[in-house]
Number of protein chains: 2
Amino acid sequence: LGPDELSIIDRYFRPLAGEGAFRLFDDAGRLGVSPDWDVVVTADMIAAGVHFLPDDPPDTIAGKALRVNLSDLAAKGARPLAYTLSLGVSSELGERWLANFAEGLHRDQDRFGIGLLGGDTISVAQGPVISITAIGLAPKDKMVHRFGGSAGDALYLSGVIGAGVAGLALLKRTPGPWGELPSERQEEFVRRFRLPEPRVALAAALADFAAASIDVSDGLVGDCDKLAAASRCSAEIRVEAVPFPAGLDPAHDETLAIRLLTGGDDYEILAAIPRENEVGFRRAAQAANVPVARIGTLTPGSAATEVLLGDRLLDISRRSYVHGRFEWTV
Amino acid sequence: LGPDELSIIDRYFRPLAGEGAFRLFDDAGRLGVSPDWDVVVTADMIAAGVHFLPDDPPDTIAGKALRVNLSDLAAKGARPLAYTLSLGVSSELGERWLANFAEGLHRDQDRFGIGLLGGDTISVAQGPVISITAIGLAPKDKMVHRFGGSAGDALYLSGVIGAGVAGLALLKRTPGPWGELPSERQEEFVRRFRLPEPRVALAAALADFAAASIDVSDGLVGDCDKLAAASRCSAEIRVEAVPFPAGLDPAHDETLAIRLLTGGDDYEILAAIPRENEVGFRRAAQAANVPVARIGTLTPGSAATEVLLGDRLLDISRRSYVHGRFEWTV
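These numbers come from a predicted model, not from an experiment. Residue indices begin from 1 for each chain and proceed along its sequence in written order. Note on labels: chains are lettered from A, ligands numbered from 1, in written order. Reporting in this predicted model follows two pLDDT cut-offs: at least 70 for local features of residues, and 80 or more for side-chain atom pairs to be given and counted; totals over whole chains, interfaces and linings ignore these cut-offs and use all residues. Based on all heavy atoms of the structure, the side-chain values leave hydrogens and waters out of the count.

Participant: Just to check I follow, could you spell out the overall build of chain A for this structure?
Facilitator: Comment: elements are numbered from the N terminus, with helices defined as DSSP H or I runs of at least four residues and strands as E runs of at least two. Helices and strands together make up the secondary structure of chain A, namely nine helices and 12 strands. Residue exposure (1.4 Å probe, protein chains only): buried if accessible area is under 20% of the type maximum, exposed if over 50%, otherwise partly exposed. Taken over 330 residues, chain A has a buried fraction of 63%. Contacts were defined at the residue level, with two residues in contact if any of their heavy atoms lie within 4.5 Å. Taking all contacts inside chain A whose residues are at least 6 apart in sequence as the whole, residues at least 24 apart take part in 83%. Using a 1.4 Å probe, the Shrake-Rupley method yields the accessible areas, and only the shown protein chains count as cover for residues. Accessible surface, chain A as shown: approximately 12,100 Å² in total, 49% of it carbon and sulfur.

Okay, here's the thing in structure tokens:
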């Protein structure tokens, strides 16, 4: 239905990018107004049927709306400070829905040490639609971008890949190995889809040691493509090195590997770490209590990321989960 | 349909307010991160059928989404700096719609000297839904709030009141004196409803001279109530002193007066100016080329604003236009 994502960006939105918007090639913009800190701002909108299911609990919808933004800030090396909320609700959502929604926000505000800065609630024909702009602080001139990586940099990933897409599959009753797992594991996947765990604790390590970074929201492969392209590199990922959730081992299952690697809803961090920074980054991540794994390397060239399972190169055509019609993110 | 605006704020959203959010009693929040400037952030969402009509031109929809936010910044004494955009579009909106929408933004970015900082576009079942967070700078410690006014302060209004509601009435074919006016005047009202003129140029004068300020978006009377209540005052407005659009003179028409004074969509500024600042404020407004008129006074007490037409006290029950189900604004 219309041209692809990039041409829409190029034609309509890139001409609008202002100072500090990095021409819309990054996950967050920067306002250089403070002497010691850069103000980092990111915005994400989520809607029923696209980012969450209509009958998901309102508190997890609220939490997800906030956390997808905090994940962007973390990837930029910024600690969260505040956020604005715009909420479109339809008449069938009652007071109970709103109360539970606000409860989810309150819980996450306490957890992440941030406050609501302003907002707006309106009536819409079909809702809910939730838009959050999150504002964070990165140490002056140390904000991490998608660009900045170089061939030879190691690619590090936080956490595990695939829990979110497994949770969505379970909610949608899509068959897969997740259906064979004990119910506690299944519930954990569903919880993870509904309420991702943004890697806020990793922000300082990224600001200190990463050359480039992106949060993995649309699938590891597609997001790695984006980081590599912005850094004018290609990339190589070894599936054996990627941590997956216990019980979902794609080592001998190519289809499963592709599903987990392109499913999205991970909200982990993929970072390009220069060789000389690897020891420092690993130590800082450990001190922050965030597991990280070296899953590949930035390589010369401009080809799409090569994903190796053993000595086989995986053939991946659909590289990202597309949230809705198109997306452009700063 | 549920409890009124204030109880929803009190119950669900006020507990969420963080530092710099002024407990959600203001039009914009402040981030005190810069030595010479305060970062001022405001968010507004607009949707078809609520803030604009579904067949309004996309460029004016974009302009309105941006301008309602710039109007909030101006009222806080802040010059606009940047904004984030979250856009929910439905499948029937084609590329032409998007192009024209972006064109409207581009035009306003040039006009107001601001840049897009980031954003997100998603697919929604029924759109468009547009959420903008605008970020501005006010001189350090000179941000103007709704609170801060005192009994005895003069109430000043920029521009004229009623053009927006007349434009909406014309679009909806609601009978009224606007229907008798020449077509150029009618078109101007419609244009004004679709594309308000935020008083960005008045921001510096407000930062220097106003004790309190609010932008008039929901109707002069209701917004004056809000400023007065936040300032722990009452207020008196004399209708004879309020500038109305040429051709709409409510001096002898109480019904028309009430319609114009409570209709909303004015995006003018109402400010409380201490007596000793009146000369300075008038000079600064003149230098900024913004017409201002003294329309009343803050008075002691906590009653609703008294609106006097001659020596008659107008009986106004519906004091604001309610945009959708409920609103809360910082």
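Participant: Got a minute to help me understand unusual backbone geometry in this structure?
Facilitator: Peptide bonds are mostly trans, and most non-glycine residues show a negative phi. Here the amide bond leading from Gly127(A) into Pro128(A) is cis, since omega sits at 0 degrees, within 30 degrees of zero. Although it is not a glycine, Arg232(A) adopts a positive phi angle of roughly 55 degrees. Structurally, Arg232(A) can be placed in the loop between helix 7 (220-230) and strand 8 (234-238). A residue is classified by how much of its surface remains accessible, and Arg232(A), at 76% relative accessible area, is exposed. We note that Asp141(B) has phi near 65 degrees; this positive angle belongs to a residue other than glycine.

Participant: Would you mind showing me how to read the packing of aromatic side chains here?
Facilitator: For any pair of aromatic rings, geometry is given as the distance between the ring centres together with the angle between the planes. All names here are of chain A. By convention, a stacked pair of Phe, Tyr or Trp rings (six-membered ring in the case of Trp) has centres within 6.5 Å and planes under 30 degrees apart, an edge-to-face pair has planes over 60 apart, and any other such pair is tilted. Under the defined criterion, the tally for this structure stands at four aromatic pairs over all chains. With centroids separated by 5.5 Å and ring planes inclined at 70 degrees, the aromatic side chains of tyrosine 156 and phenylalanine 281 adopt a geometry described as edge-to-face. Here tyrosine 156 is found in strand 6 (residues 154-158), whereas its partner phenylalanine 281 is found in helix 9 (residues 278-287), with 125 residues between them in sequence. The two residues tyrosine 156 and phenylalanine 281 agree in class, both being buried. Only Lys NZ and Arg CZ are tested; either one counts as a charge over a ring when it is within 6 Å of the ring centre and within 35 degrees of the ring normal. Geometry around phenylalanine 193 places lysine 64 over its ring, the cationic atom sitting 3.9 Å from the centre. Above the plane of the ring of tryptophan 37 lies arginine 79, whose end atom (NZ or CZ) is 4.8 Å from the centre.

Participant: So what exactly am I meant to see when it comes to the pattern of salt bridges here?
Facilitator: If charged atoms from side chains of opposite charge come close, those side chains can pair. Salt bridge, as used here: a side-chain nitrogen of Lys or Arg that lies within 4 Å of a carboxyl oxygen of Asp or Glu. Counted under the stated rule, the structure contains 36 salt bridges over all chains. Notably, a salt bridge pairs Asp38(A) with Lys140(A), separated by 3.1 Å at the nearest N-O pair. Linking Asp38(A) in strand 2 (residues 37-47) with Lys140(A) in the loop between strand 5 (129-139) and strand 6, this pair joins segments that are 102 residues apart in sequence. Two residues, Asp208(B) and Lys142(B), come together in a salt bridge whose shortest N-O distance is 2.6 Å. You can see Asp208(B) sitting in helix 6 (residues 203-209) and its partner Lys142(B) sitting in the loop between strand 5 (129-139) and strand 6 (154-158), a full 66 residues away along the chain. Salt bridges linked by common partners bring Arg67(A), Asp108(A), Arg111(A) and Glu197(A) together as one network.

Participant: I keep staring at helix 4 (residues 163-171) of chain B and nothing clicks. Help me out?
Facilitator: Each turn of an α-helix holds 3.6 residues, which means side chains three or four residues apart point in the same direction. In terms of residue burial, helix 4 of chain B counts as a mostly covered element, since eight of its nine residues are buried. Looking at the buried residues of helix 4 of chain B, the elements they touch are helix 5 (183-194) and helix 8 (254-262) of chain B.

Participant: How should the sheet that holds strand 10 (residues 292-299) of chain B be read in this particular structure?
Facilitator: The strands making up a sheet are joined through hydrogen bonds of the backbone, oriented either antiparallel or parallel. Residues and elements named next belong to chain B. In this description, strands pair whenever DSSP reports at least two bridges between them. An order of 7-9-6-10-8-11-12 is seen for the seven strands of this open sheet, with the pairing classed as mixed. Of all the strands in the sheet, the pair left with one neighbour each is strand 7 (212-216) and strand 12 (312-313). As paired elements, strand 11 (residues 306-309) and strand 12 share two bridges and run antiparallel to each other. Considered in strand 12, the bridge of leucine 308 is made with leucine 313. A fitted line through C-alpha atoms represents every axis, and for helices the fit uses only the stretch in contact; the resulting angles, taken between N-to-C directions, go from 0 to 180 degrees. Contacting strand 6, strand 9 (268-273) and strand 10, helix 9 (residues 278-287) runs over the sheet at an angle of about 5 degrees to strand 6.

Participant: Explain the state of the cysteines here, please?
Facilitator: Working definition: the covalent bond between the sulfur atoms of two cysteines is a disulfide. Any two cysteine sulfur atoms lying within 2.5 Å of each other are counted as a disulfide. The full count for this structure, using the stated rule, is zero disulfides over all chains. Distance from the sulfur of Cys233(A), which forms no disulfide, to the nearest cysteine sulfur (Cys224(A)) is 10 Å.

Participant: Even after reading the chapter, I still don't get the pairing of strand 5 of chain B, so can you show me in this structure?
Facilitator: Consecutive side chains of a regular strand alternate in pointing toward one face of the sheet and then the other. Residues and elements named next belong to chain B. Within strand 5, 10 of the 11 residues are buried, which leaves the element mostly enclosed by the surrounding structure. Where strand 2 (residues 37-47) meets strand 5, 11 bridges bridge the pair, whose relative direction is antiparallel. By the bridge assignment, alanine 47 is partnered in strand 5 with valine 129. Direction of pairing for strand 3 (residues 79-89) relative to strand 5: antiparallel, over a ladder of nine bridges. Across the sheet, the residue bridging to alanine 82 is isoleucine 135, located in strand 5.

Participant: When you look at the pairing of strand 7 (residues 212-216) of chain A in this model, what are you seeing that I'm missing?
Facilitator: Residues and elements named next belong to chain A. With five of five residues buried, strand 7 lies mostly within the body of the structure. Side chains Ala212, Ile214 and Val216 project from strand 7 onto one buried face, and the interleaved Ser213 and Asp215 project onto a second face that is buried too. The pairing of strand 7 with strand 9 (residues 268-273) spans five bridges and is antiparallel. Bridge pairing in strand 9 places isoleucine 214 opposite leucine 270.

Participant: Would you mind going over the confidence of the model for chain A with me for this structure?
Facilitator: Atom-level detail of predicted coordinates should not be read off regions where pLDDT is low. All names here are of chain A. The score called pLDDT rates the predictor's confidence residue by residue, from a low of 0 to a high of 100. The predicted model of chain A has a mean per-residue pLDDT of 86, with 87% of residues at 70 or higher. Of the regions scoring below 50 in pLDDT, residues 17-22 engages in 19 contacts with residues more than four places distant in sequence or in other chains. With pLDDT under 50 throughout, residues 323-330 is counted as low confidence; its partners more than four residues away or in other chains account for 50 contacts. Both confidence scores are given for the complex: pTM 0.88, ipTM 0.86.

Participant: It is not clear to me how the side chain of Asp56(B) should be interpreted in this structure. Could you clarify?
Facilitator: Residues and elements named next belong to chain B. Structurally, aspartate 56 is set in the loop between strand 2 and helix 2 (58-75). The exposure class assigned to aspartate 56 is buried, which follows from its relative accessible area of 4%. Side-chain atoms alone can form a polar contact between residues adjacent in sequence; in general such a contact is a pair of N or O atoms within 3.5 Å, and within protein one must be able to donate a hydrogen while the other accepts it. There is a polar contact of 2.8 Å between the side chain of aspartate 56 and the side chain of arginine 194.

Participant: Would you mind going over the nonpolar core with me for this structure?
Facilitator: Considering soluble globular proteins, one finds that nonpolar side chains tend to be buried as a cluster. For this analysis, a nonpolar core means a set of buried residues of the types Ala, Val, Leu, Ile, Met, Phe, Trp, Tyr and Cys, connected via side-chain atoms within 4.5 Å. Membership of the largest hydrophobic core comes to 42 residues, with the highest contact counts inside it found for Leu155(A), Trp178(A), Leu220(A), Val242(A), Leu261(A) and Ile295(A). Counting residues in hydrophobic clusters, the runner-up holds 40 residues, among them Ile161(B), Ile214(B), Ala228(B) and Leu248(B).

Participant: What's the story with the packing of helix 4 (residues 163-171) of chain A against helix 5 (residues 183-194) of chain A in this structure? I'm lost.
Facilitator: Helices that pack against each other are described as a pair by the angle of their axes relative to one another and the distance between those axes. Residue and element names in this part refer to chain A. At their nearest, the axes of helix 4 and helix 5 sit 7 Å apart, and the two run at 105 degrees to each other. Relative to helix 5, helix 4 is oriented roughly perpendicular. From helix 4, Ala163, Gly164, Ala166, Gly167, Leu168, Leu170 and Leu171 reach across to helix 5, where they touch Gln186, Phe189, Val190, Arg192, Phe193 and Arg194. Angle categories are assigned with fixed cut-offs, so that under 35 degrees is roughly parallel, over 145 is roughly antiparallel, 65 to 115 is roughly perpendicular, and the rest are oblique.

Participant: Explain the sheet that holds strand 6 of chain A here, please?
Facilitator: Residue and element names in this part refer to chain A. Within the open sheet, the seven strands sit side by side as 7-9-6-10-8-11-12. Their pairing is mixed. Edge strands, defined here as strands with exactly one partner in the open sheet, are strand 7 and strand 12 (312-313). Here helix 2 (residues 58-75) sits on the sheet in contact with strand 7 and strand 9, set at roughly 165 degrees to strand 7. Sheet strands in contact with helix 7 are strand 6, strand 7, strand 8, strand 9, strand 10 (292-299) and strand 11 (306-309), and its direction is about 155 degrees off that of strand 7.

Participant: Please explain the side chain of Asp223(A) as it appears in this structure.
Facilitator: All names here are of chain A. You can see aspartate 223 is positioned in helix 7. At 2.9 Å, the side chain of aspartate 223 and the backbone nitrogen of serine 217 are in polar contact. Each residue touching aspartate 223, except ones within four places of it in the same chain, is listed here: Ile214, Asp215, Val216, Ser217, Asp218 and Ser320.

Participant: What's the story with helix 5 of chain B in this structure? I'm lost.
Facilitator: Residues and elements named next belong to chain B. Working rule for helices: expected span equals 1.5 Å times residues minus one. Taking 1.5 Å of rise per residue, 12 residues should cover 16 Å, and helix 5 covers 16 Å from first to last C-alpha, within 8% of that figure. Among all positions of helix 5, only Arg185, Phe189, Val190, Arg192 and Phe193 are buried. With its buried residues spanning 160 degrees around the axis, helix 5 presents them on a single face. Opposite the buried face of helix 5, at more than 90 degrees from it, the exposed residues are Glu184 and Glu187. Contact partners of the buried residues in helix 5: helix 2, helix 4 and strand 9. Read the arc as the range of directions from the helix axis to the C-beta atoms.

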